[in-house]
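Overview (structure and organization)
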Amino acid sequence: MLALLDNLDKNLYLIFNSTLIHPVLDWIMPIVTNQFLWTGPLIIGLIWLISGGGKRGRITLVILIITLGLSDYSVVEILKPVFARLRPYWALDEFRLLVKKGGQYGLPSAHASSSFAMAVILTYFYKRWKYTFYFLAGLVAYSRVYVGVHYPGDIVLGALYGYGLAWSVLSIWVILKVREQKRGKTWIIY
């Protein structure tokens with residue numbers, strides 16, 4: 001069964017990476033997938049959360065930092081070595097690589113995990129931007145297959161992991177919030 005899923009994943013990879021391509025996407029997707037190019041918008045978002053977002057923004061920021069720290073550490077340091085699934089450019093003879101090679105292992109995708117974890121947290125606190133957050137998370141995740149560094153299965157599992165981890169952290173936040181409200185504390189009210 002695992003061999004069948006692995007074969008399906010590799011075939012889907014070749015479709016997304018080598019067949020469903022376009023010169024405009026060949027230019028856009030390396031930009032979308034480059035985490036350093038997101039630094040500016042993220043800094044602006046962080047500044048807004050701290051200064052313009054009020055108490056809700058600061059609480060959101062703390063929960064984001066905790067969630068993204070847990071996501072990045074657990075994916076890179078624990079899950080990737082445990083699964084030890086080689087990235088496409090280490091395992092396949094046929095691939096298109098639009099960015100430089102990264103690490104050896106790709107399951108689950110840290111980009112997908114972080115993007116979807118961030119989308120969940122931001123949507124919890126800022127529901128009206130839900131579609132934007134999830135669109136951006138999906139775009140980042142898809143870009144990883146398009147540029148050649150992940151299989152679709154890496155993306156799906158990374159997204160599910162980030163989604164679940166974010167909801168786990170939010171559940172702890174809700175428990176803490178309810179407990180603090182019962183004690184009459186106001187620091188949790190936004």
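Please refer to the structure placed before this passage.
The structure reproduced in this document is the subject of the present report. (Residues numbered from 1 in each chain as written. Predicted model: local features only at pLDDT ≥ 70, side-chain atom pairs only at ≥ 80, totals over all residues. Heavy atoms only, no water.)

Once that is clear, we can look at helix α7 (residues 130-146). Spanning 17 residues, α7 covers 24 Å between terminal C-alpha atoms, matching the ideal 24 Å at 1.5 Å per step. Those residues of α7 lying buried are Phe133, Ala137, Val140, Ala141, Ser143, Arg144, Val145 and Tyr146. For α7, the elements touching its buried residues are α1 (2-19), α2 (23-33), α6 (110-125) and α8 (152-182). Of the residues one or two after α7, Gly148 is the one with positive phi, at around 100°. (Helix = DSSP H or I, 4+ residues; strand = E, 2+ residues; numbered from the N terminus. Expected span 1.5 Å × (residues − 1). Buried < 20%, exposed > 50% of the residue type's maximum accessible area, 1.4 Å probe, protein only. Contact = heavy atoms within 4.5 Å.)

Together, Met1, Leu2, Leu4, Leu5, Leu8, Leu12, Ile15 and Leu20 make up an exposed nonpolar region whose accessible area comes to about 840 Å². Relative to the assigned elements, Leu4 resides in helix α1. (Patch = residues over 30% accessible without salt bridge, like charges linked within 9 Å, V, L, I, M, F, W, Y side chains within 5 Å. Areas by Shrake-Rupley, 256 points an atom, 1.4 Å probe, with all protein chains shown as cover. Salt bridge = Lys/Arg side-chain N within 4 Å of Asp/Glu carboxyl O.)

Now for the pattern of salt bridges. Close approach of charged atoms allows side chains of opposite charge to pair. One pass over the structure, following the stated rule, counts 7 salt bridges. With a closest N to O distance of 2.9 Å, Arg85 and Asp6 form a salt bridge. On the criterion of sequence distance, the pair formed by Arg85 in the loop between α4 (54-83) and α5 (88-91) and Asp6 in helix α1 is long-range, its members being 79 residues apart. A salt bridge links Asp26 to Arg96; the nearest nitrogen and oxygen atoms lie 3.1 Å apart. Here Asp26, found in helix α2, pairs with Arg96, found in the loop between α5 and α6; they are 70 residues apart in sequence, far enough to count as distant. When its relative accessible area of 25% is taken as the criterion, Asp26 is described as partly exposed.

Counting 28 residues, the largest nonpolar core has Ile63, Ile121, Phe125, Leu170 and Trp173 as the members making the most contacts within it. The set of elements that each furnish at least two residues to this core consists of α4, α6, α7 and α8. Residues within four places of Leu170 in sequence aside, it is in contact with Ile63, Val120, Ile121, Tyr124 and Phe125. The next biggest cluster of nonpolar side chains, apart from the first, holds 7 residues, and it includes Met29, Val32, Tyr89 and Val140. (Core = buried A, V, L, I, M, F, W, Y, C linked by side-chain atoms within 4.5 Å.)

Scope: geometric values only; no functional claims are made or implied.
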